[in-house]
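Overview (structure and organization)
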Amino acid sequence: MIRCAHAGVVYFRVVYELNKLSNYKSVQRLTHFYTTIPFLQTLFKNKKHLLNYHIRHFGLGTNVKNAYDTIYALSSGSGKCAVAVIRISGAQTRVAMEKMCGGLTKPRIANLRKLQDPNTKEDIDKALVIWFPGPHSFTGEDIAEFHVHGGPAVISSVLSALGTLSGFRPAKPGEFTKQAFLNGKLDLTEIEGLGDLIHAETEAQRKQALRQMDGVLNILYSSWRNRLTKCLANTTAFIDFSEEENIEDNILEHVFSEVCNIKDEVSAHLNDSRRGERLRDGLHVVILGEPNVGKSSLLNAISQRPAAIVSPIAGTTRDVVETALNIAGYPVLLSDTAGLRETVDVVEKEGIHRAVNRAKIADLKIIVLHPDIIKQTHFSDLTFADFVTSYMNHLLQDAGTMNSTQYSSPSNSHINEHYFSAEHNSPSTNQHIDMTNILLVFNKIDLVNENRSELFQHFKDKMCFLSCTTGEGFDSFMKILVMKIQNLCGDPSVGSPSLTQVRHRHHLNKCVLHLTQFNTYSQEDIVLASEQLRLAANELGQVTGQISTEDVLNVIFRDFCIGK
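Quick notes on the rules
- Residues numbered from 1 in each chain as written.
- Predicted model: local features only at pLDDT ≥ 70, side-chain atom pairs only at ≥ 80, totals over all residues.
- Heavy atoms only, no water.
- Phe/Tyr/Trp six-rings, centres within 6.5 Å; stacked < 30°, edge-to-face > 60°.
- Helix = DSSP H or I, 4+ residues; strand = E, 2+ residues; numbered from the N terminus.
- Buried < 20%, exposed > 50% of the residue type's maximum accessible area, 1.4 Å probe, protein only.
- Lys NZ or Arg CZ within 6 Å of the ring centre and 35° of its normal.
- Pairing = 2+ DSSP bridges.
- Axes fitted to C-alpha atoms, helices over the stretch in contact; angles between N-to-C directions.
- Contact = heavy atoms within 4.5 Å.
- Core = buried A, V, L, I, M, F, W, Y, C linked by side-chain atoms within 4.5 Å.
- Salt bridge = Lys/Arg side-chain N within 4 Å of Asp/Glu carboxyl O.
- Expected span 1.5 Å × (residues − 1).
- Polar contact = N/O pair within 3.5 Å; in protein donor to acceptor, adjacent residues only side chain to side chain.

If you walk through the whole model with that rule in mind, you get four aromatic pairs. Geometrically, the ring pair formed by Tyr-221 and Trp-224 is tilted, given 5.7 Å between the ring centres and 35 degrees between the ring planes. Separated by three residues within a single helix, Tyr-221 and Trp-224 lie in helix H11 (residues 216–241), roughly one turn from each other. Trp-224 shares its class with Tyr-221; the two are buried. The ring of Phe-176 has Arg-87 lying over it, and the distance from NZ or CZ to the ring centre is 5.5 Å.

Structure, rendered in structure tokens:
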């Protein structure tokens with residue numbers, strides 16, 4: 001009875017510590033526990049029985065429910081190929097090595113082995129086999145990789161053979177990476193970087209994803225969290241021991257100063273103009289302008305293919321025409337739109353409505369202008385901002401997408417100098433379309449001779465002049481376009497790391513809110529203020545995964561391929 005009581009006390013004593021451990025370490029600890037306490041061997045039939053009991057009564061949940069399951073999957077691409085990689089991870093990986101390869105190999109060294117069916121002993125293939133014993137592996141568990149010939153029959157036979165082994169099951173999407181997270185090998189920001197690296201289509205996306213996978217965001221967010229934790233500890237010490245005068249003088253002043261610094265750093269990190277998110281998701285660029293100014297021709301010239309129909313008939317483009325491009329290593333979604341004008345055609349009106357809506361969400365607007373504007377406008381009397389505002393107000397009013405009683409519609413299809421006078425420079429355009437990031441393009445410059453020198457001199461640093469027909473000025477236009485794209489996305493390989501996920505921005509905004517409330521509450525109740533520090537630190541912990549929920553993990557890992 002004494003031995004039973006002692007065993008029970010020891011067992012329940014480690015429950016709390018086991019809950020804090022990773023899958024791999026929890027299973028290893030339970031295994032050691034089972035083999036060193038004979039009394040438990042009389043209560044539980046085997047180690048798996050002990051683990052299931054522990055999960056059922058002490059709430060380890062999904063983190064270790066399948067800890068004894070060994071997962072496998074095809075990690076390379078599907079279809080015929082020269083070599084296919086099949087990955088195995090879990091506590092019984094060595095069983096697969098012994099039954100299918102004839103035994104374990106030296107760790108992290110490729111060995112040529114015959115793969116056999118574990119039941120029939122029939123040869124399946126010759127493969128390079130690599131053994132990665134845990135915890136020094138990608139998942140933190142024992143891992144094996146079979147590099148087999150990439151024929152569908154070979155792959156199917158190997159996967160079928162693995163499925164016959166007891167305790168083995170096919171991996172779910174992203175499950176290998178999820179095990180790496182649960183075992184402390186990667187944090188959530190590094191895992192998101194890994195996912196972005198897998199899906200990267202341009203050089204800039206690859207650089208940003210690789211940098212994030214290397215842990216730059218984790219280092220930054222963890223440092224903020226550690227500093228906040230120290231502030232919380234000092235605040236708690238002041239609350240508990242201030243009356244005993246056993247703490248340093250001015251401890252709260254140091255806390256206030258540090259919290260203010262952290263808040264400023266997080267706020268500056270948030271104020272990045274969405275560079276990282278733009279680079280990850282692709283920069284949205286829209287081409288706007290009147291009908292028949294060459295918008296579709298410009299789209300085709302940038303795309304270097306006939307992506308849009310071009311004709312001399314005004315209003316040819318009715319819907320938004322999209323094309324995904326790689327421009328200087330940056331991902332760009334370029335959209336051609338319907339010409340903005342007054343019309344009674346129901347279909348064309350819908351196209352104009354879609355054009356305006358696309359402009360509202362675009363990161364960069366390319367506004368193409370008709371050469372007649374050059375003939376009719378005295379540019380020396382206008383600032384660049386006045387010109388842009390007046391021109392866009394005119395287009396939107398003509399298209400019926402803005403309400404303005406300041407001036408009436410022009411008498412012809414092109415703008416004359418009356419519409420660029422100071423009294424018509426209304427800021428109402430900004431209520432509809434953000435004109436912060438724009439690029440003005442004068443197309444069909446080959447048709448203009450008069451006023452050209454004045455135009456070039458006045459707006460040479462603000463506008464592009466080109467002809468899609470002759471190609472004149474197109475190289476200069478592309479250089480300016482690339483420069484604007486680079487400014488909007490930034491250089492992912494230098495400087496402070498950028499936010500890449502909406503999830504990050506959400507938690508960091510809440511962190512700043514809690515730090516602001518700390519400053520407010522600290523004037524009234526330091527106990528309430530300290531709670532805001534804890535909440536702020538928790539928000540940072542949710543970004544890196546130090547504090548996480550199963551729902552969040554499912555969202556992050558669902559986009560991974562099966563074998564990753």
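Now that the structure has been shown, we can carry on.
Our focus in this paragraph is the sheet that holds strand E5 (residues 143–150). Strands sit in the order E3-E4-E5-E2-E1-E6 across an open sheet of six strands; the sheet is mixed. Of all the strands in the sheet, the pair left with one neighbour each is strand E3 (111–116) and strand E6 (168–170). Across the sheet, the mean angle from the axis of one strand to that of its neighbour is 30 degrees, orientation sign disregarded. Relative to E5, strand E4 (residues 123–132) runs antiparallel, the two sharing five bridges. Residue pairing in the sheet places Ile-130 in a bridge with Glu-145 of E5. Across the sheet, helix H8 (residues 175–182) touches strand E1 (70–74), strand E2 (81–89) and E6, and the angle it forms with E1 is around 140 degrees.

Counting residues in each nonpolar core, the largest one holds 30 residues, and the members touching the most others are Leu-298, Ile-302, Ile-327, Leu-334, Ile-366, Phe-477 and Leu-481. Taken together, the elements giving at least two residues each to this core come down to strand E7 (283–289), helix H14 (295–303), strand E8 (321–327), strand E9 (330–336), strand E10 (364–369), strand E11 (438–442) and helix H19 (474–489). The dominant element in this core, judged by the number of residues it contributes, is H19, at eight residues. Not counting residues up to four positions away in its chain, the partners in contact with Leu-481 are Ile-302, Ile-327, Leu-364, Ile-366 and Leu-439. Leu-369, Leu-395, Met-435 and Leu-440 belong to the second-largest nonpolar core, a separate cluster that totals 26 residues.

In this section: the pattern of salt bridges. Under the definition given, this model contains 20 salt bridges. Among the ionic pairs, Arg-280 bridges to Asp-196, the shortest N-O distance being 2.9 Å. Separated by 84 residues along the polypeptide, Arg-280 in helix H13 (residues 275–281) and Asp-196 in helix H9 (residues 188–199) bring together distant segments of the chain. A residue is classified by how much of its surface remains accessible, and Arg-280, at 30% relative accessible area, is partly exposed. Arg-505 is paired through a salt bridge with Asp-272; the nearest N and O atoms lie 3.0 Å apart. Residue Arg-505 is found in helix H20 (residues 502–521), and its partner Asp-272 is found in the loop between helix H12 (251–270) and H13; the two are separated by 233 residues along the sequence.

All right, on to H20 then. Helix length check: H20, at 20 residues, gives a terminal C-alpha distance of 29 Å against a target of 28 Å (1.5 Å per residue), a fit within 8%. The set of residues buried in H20 consists of Arg-503, His-504, Arg-505, His-507, Leu-508, Cys-511, Val-512, His-514, Leu-515 and Phe-518.

Right, let's talk about the pairing of E1 for a bit. Among the five residues in E1, five count as buried, and that is most of the element. Residues of E1 alternate between two faces, with Thr-70, Tyr-72 and Leu-74 on one and Ile-71 and Ala-73 on the opposite face, all of them buried. Both E1 and E6 contribute to a ladder of three bridges, which runs parallel. If you follow Tyr-72 over to E6, its bridge partner there is Pro-170. As defined by bridge partners, E1 adjoins E2 across four bridges and the pair is classed as antiparallel. Across the sheet, Ala-73 pairs through a bridge with Arg-87, a residue of E2. Hairpin connection, E1 to E2: the antiparallel pair is bridged by six residues, and Gly-79 has positive phi, about 100 degrees.

Note: strands within a sheet are paired through backbone hydrogen bonds, in either parallel or antiparallel orientation. Read across the open sheet, the six strands follow the order E8-E9-E7-E10-E11-E12; overall the sheet is mixed. Strand pairing shows two members of the sheet lacking a second neighbour, E8 and strand E12 (463–465), which therefore form its edges. Each strand of the sheet is rotated relative to its neighbour by a mean of 25 degrees, with strand direction disregarded. As paired strands, E8 and E9 are joined by seven bridges and run antiparallel to one another. Residue pairing in the sheet places Asn-326 in a bridge with Pro-331 of E9. In the packing of helix H15 (residues 346–361) onto the sheet, the strands contacted are E7, E8, E9 and E10, and the crossing angle to E7 comes to about 140 degrees.

Below, the discussion takes up the environment of His-149. Its location among the elements puts His-149 in strand E5. Between the alpha carbons of His-149 and Val-83 there is a distance of 4.7 Å; along the sequence they are 66 residues apart. Leaving out residues up to four positions away in the same chain, His-149 has contacts with Ala-82, Ala-84, Asp-125, Lys-126, Val-154 and Ile-155. Here the side chain of His-149 touches Asp-125 through a polar contact of 2.9 Å, side chain to side chain.

With an omega of 5 degrees, the peptide bond between Gly-134 and Pro-135 qualifies as cis. Positioned with a positive phi, Gln-304 is a non-glycine residue whose angle comes to about 60 degrees. With respect to the helices and strands, the residue Gln-304 is situated in the loop between H14 and E8. For Ala-328, which is not a glycine, the phi torsion comes out positive at approximately 55 degrees. Structurally, Ala-328 can be placed in the loop between E8 and E9.

Quick look at the environment of Ile-155 now. Mapped onto the elements, Ile-155 comes out in helix H7 (residues 152–163). For Ile-155, a relative accessible area of 8% corresponds to the buried category. As for Ile-155 and Ser-78, which are separated by 77 residues in sequence, their C-alpha atoms are 9.4 Å apart.

In this structure, Thr-343 sits in the loop between E9 and H15. Here the side chain of Thr-343 touches Asp-345 through a polar contact of 3.1 Å, landing on its backbone nitrogen. At a separation of 3.1 Å, a polar atom in the side chain of Thr-343 contacts the side chain of Glu-348. Residues within four places of Thr-343 in sequence aside, it is in contact with Glu-348, Lys-349 and Ile-352.

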